[in-house]
Amino acid sequence: MSIPADNIKRAAAALQQYAALYKEQGELLAAHTPAALRQRGDGDILAYLDNLCQKGFRDECFKYTDIMQALAADYGLNLKRTPATDNPEKRYHCNVPSLGARTRYVANDVPAPDAASAPLPDGVRFGAASEDDALAALAHTYIYNGSLPIFDPRDPSDALCQLLSQDALVADVADGVACGVPLQIVNVADARLPLMMNRRIAVNVGNNAALDLIVCDHSVSQCATLSTQSMHIRLGRGATLRLTFIEENAAAATRFNNVKVSQGDGSRFVCNVLSLHTGLSRNTINIFQDGTQGAYAEVNSVAITDETEHFDNYVKVHHLGGSDNESRMLMKYVLGGSSTAAFTGEVYVGKDAQRIHSEQSNANLLTSDAARILSRPVLEIYADDVQCNHGATIGKLDEAALFYMRQRGIPEAEARLLLQHAFVNEVLARIEPEPLRDRLSYLMEMRFRHRLKQCGSCTLCKPNKQ
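From a predicted model like this one, the values you see are computed outputs, not experimental measurements.

Enquirer: Would you mind going over the packing of aromatic side chains in detail, with residue names and values included?
Expert: Per the counting criterion, the structure on display carries three aromatic pairs. Note on Tyr-348 and Tyr-382: the rings are 5.6 Å apart at their centroids and 50 degrees apart in plane angle, and the pair reads as tilted. Of this pair, Tyr-348 sits in strand S18 (residues 340-349) while Tyr-382 sits in the loop between strand S21 (372-381) and strand S22 (386-395), and the two are 34 residues apart along the sequence. Under the relative-accessibility criterion, Tyr-348 is labelled partly exposed at 23%. In this structure Tyr-382 comes out as partly exposed when scored by relative accessible area, which is 48%.

Below is the structure:
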């Protein structure tokens, strides 16, 4: 995808505007930012943005998503941190039956007060940096003093997120603690005017600890929004993190989600990315296995798109050193209307990494002639003792299977729904815990029926948008 020159010019003007805003409103930004998060090397970010303005931005990792056009629009910022509502739990109630998750709401980019009455398990901390100096100190440590880059130099939206965000949510699990309660973050776009929202999340799962984390993105209003999200994740030795992203956004929503993961020896990272509705959505996931032994990383995704929706997953696993590490990617898309979806899977194996096993698969189902899928596997290998493979398929519903089902009395519309659901079930079957998997299976079915309804007591999954 080539980026039009006028989009680059508009984006350069927008980046200059955001940089100027940061300089002009520095005191206001600082006044509403926890002290521990004010010292963050913003000079490097400003220099990076200035370089983009001067030279433009062209990078293969954004080959299929025009980030320049997305950044060129004019959005407002909530620098004074005005809450969108006084009662977020009631207004944005999100609930998965039988899951029992501890939920924190973020309205636009302002974390809402914790309304939960039950205490967190011993050794688990979960909250906003603005609420607690200890959490702010942890956020600073995990974002700025860890082994991960502060911002992704290949992603301008991640740089803007670090520059303009004023808070951070922290999920911290101490060594040896298995957090038996899933933690859930519900991001809600609730704006009456075009708004830019910048959110940060810092996650630490200690040695031999375990955590289930769910991050949801929802739209309440239909006006244009731009959300940037930056996640820094540290997994200690033998740690396990199951991370699930669920997106149910309006057509006017633009979303950039940047995830950076550092894995320790024997750690296990499983990430599931599910998109039910979107406008423009991009997930950038970088996983670093540097000198580790026996680490495992898995990224799975299901996207159902139609109309003019655009969904893009970019996943790169950095096998920089160590041995006996493994990575897997499984992407399954169902595309209709004139929508587009993209997947770039990159695997880098450095010369000091040995006995690496990596697999990636991208299967796509097109339900209309106008839908487009863009798939790009990349293997960059400098070691000898490795097993790496990839595969991609594009097709339509199996007419023979459809005929077989209709011959047995199943109406055509129902048969198509069953085949589509079966197609994505390979990803759904990997989702844990079980109550979350069951609810997502139901939501997928409603999405295929074009009548995604409110699920039980949840008020955020929108009824029929089509």
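This is not the end of the story, as more comes after the structure.
Enquirer: Account for the pairing of strand S20 (residues 356-366), naming residues and giving values.
Expert: Counting buried positions along S20 gives eight out of 11 residues, so the element sits mostly inside the fold. In the sheet, strand S17 (residues 326-335) pairs with S20 via 10 bridges, with the strands oriented parallel. The partner of Leu-335 across the bridge, within S20, is Leu-366. Across 10 bridges, the pairing between S20 and S22 is parallel. By the bridge assignment, Asn-362 is partnered in S22 with Ala-392.

Enquirer: Please provide a residue-by-residue account of helix H6 (residues 133-144), values included.
Expert: Along its 12 residues, H6 runs 16 Å from first to last C-alpha, staying within 8% of the 16 Å computed at 1.5 Å per residue. Lining the buried residues of H6 we find strand S3 (124-128), helix H7 (156-164), strand S4 (169-173), strand S6 (195-205) and strand S8 (225-235). One side-chain oxygen at the N-terminal end of H6 lies 2.6 Å from the backbone nitrogen of Ala-134; it belongs to Asp-132.

Enquirer: Requested: an account of the state of the cysteines, with residues and values cited.
Expert: Evaluated as defined, the whole model comprises zero disulfides. Not part of a disulfide, Cys-216 finds its nearest cysteine sulfur in Cys-94, a span of 4.6 Å. The exposure class of Cys-216 is buried, given its relative accessible area of 3%. There is no disulfide at Cys-223, and the cysteine sulfur nearest it, in Cys-161, is 19 Å away.

Enquirer: A description of the sheet that holds S17 should follow, citing residues and the corresponding values.
Expert: What the 10 strands build is an open sheet, ordered S2-S1-S5-S7-S9-S11-S14-S17-S20-S22; its pairing is mixed. Pairing within the sheet leaves two strands with one partner each, and these edge strands are strand S2 (110-111) and S22. In the sheet, strand S1 (residues 102-107) pairs with strand S5 (residues 183-189) via six bridges, with the strands oriented parallel. Across the sheet, Val-106 pairs through a bridge with Asn-187, a residue of S5. Packed onto the sheet, helix H10 (residues 434-448) meets strand S7 (210-219), strand S9 (240-248), strand S11 (268-277), strand S14 (296-305) and S17 and runs at close to 30 degrees relative to S11.

Enquirer: Explain the side chain of Asn-286 residue by residue, including any values.
Expert: Following the sequence through the fold, Asn-286 ends up in strand S12 (residues 280-289). Within the local environment of Asn-286, its side chain forms a polar contact with the side chain of His-318, the two groups lying 2.9 Å apart. If near-sequence neighbours (up to four positions away) are discounted, Asn-286 is found in contact with Asp-152, Val-259, Lys-260, Val-261, Lys-316 and His-318.

Enquirer: Outline the environment of Gln-387, supporting the account with residue identities and numerical values.
Expert: The residue Gln-387 is located in strand S22 in this model. In the structure, Gln-387 is positioned 64 residues away from Ser-323 in sequence and 12 Å away in space, judged by C-alpha atoms. The residues contacting Gln-387, other than those within four sequence positions of it, are Ile-356, His-357 and Ser-358.

Enquirer: So what about the sheet that holds strand S16 (residues 322-323)? Which residues, and what values?
Expert: Here we have three strands laid out as an open sheet, ordered S13-S16-S19, and parallel in their pairing. The sheet terminates laterally at strand S13 (292-293) and strand S19 (353-354), the two strands that pair on one side only. As paired elements, S16 and S19 share two bridges and run parallel to each other. By the bridge assignment, Ser-323 is partnered in S19 with Gln-354.

Enquirer: Just give me the short version of the pattern of salt bridges, but keep the residues and values in it.
Expert: Under the defined criterion, the tally for this structure stands at 28 salt bridges. Here Asp-190 and Arg-91 are joined by a salt bridge, their closest N and O atoms 2.8 Å apart. One end of the pair, Asp-190, is in the loop between S5 and S6; the other, Arg-91, is in helix H5 (residues 88-91), with 99 residues separating them in the sequence. Using a relative accessible area of 13% as the deciding quantity, one classes Asp-190 as buried. Note that Glu-346 and Arg-376 form a salt bridge whose closest N and O atoms lie 3.9 Å from each other. Remark: Arg-376 occurs in strand S21 and Glu-346 occurs in strand S18; sequence separation between them is 30 residues. Taking relative accessible area as the criterion, Glu-346 reaches 8% and is therefore assigned buried. Residue Arg-376 is classed as buried on the basis of its relative accessible area of 16%. Taken together, the salt bridges that share partners define one network made up of Glu-60, Lys-63, Lys-316, Glu-346 and Arg-376.

Criteria and cut-off values
Residues numbered from 1 in each chain as written. Predicted model: local features only at pLDDT ≥ 70, side-chain atom pairs only at ≥ 80, totals over all residues. Heavy atoms only, no water. Phe/Tyr/Trp six-rings, centres within 6.5 Å; stacked < 30°, edge-to-face > 60°. Helix = DSSP H or I, 4+ residues; strand = E, 2+ residues; numbered from the N terminus. Buried < 20%, exposed > 50% of the residue type's maximum accessible area, 1.4 Å probe, protein only. Pairing = 2+ DSSP bridges. Expected span 1.5 Å × (residues − 1). Contact = heavy atoms within 4.5 Å. Polar contact = N/O pair within 3.5 Å; in protein donor to acceptor, adjacent residues only side chain to side chain. Disulfide = S-S within 2.5 Å. Axes fitted to C-alpha atoms, helices over the stretch in contact; angles between N-to-C directions. Salt bridge = Lys/Arg side-chain N within 4 Å of Asp/Glu carboxyl O.

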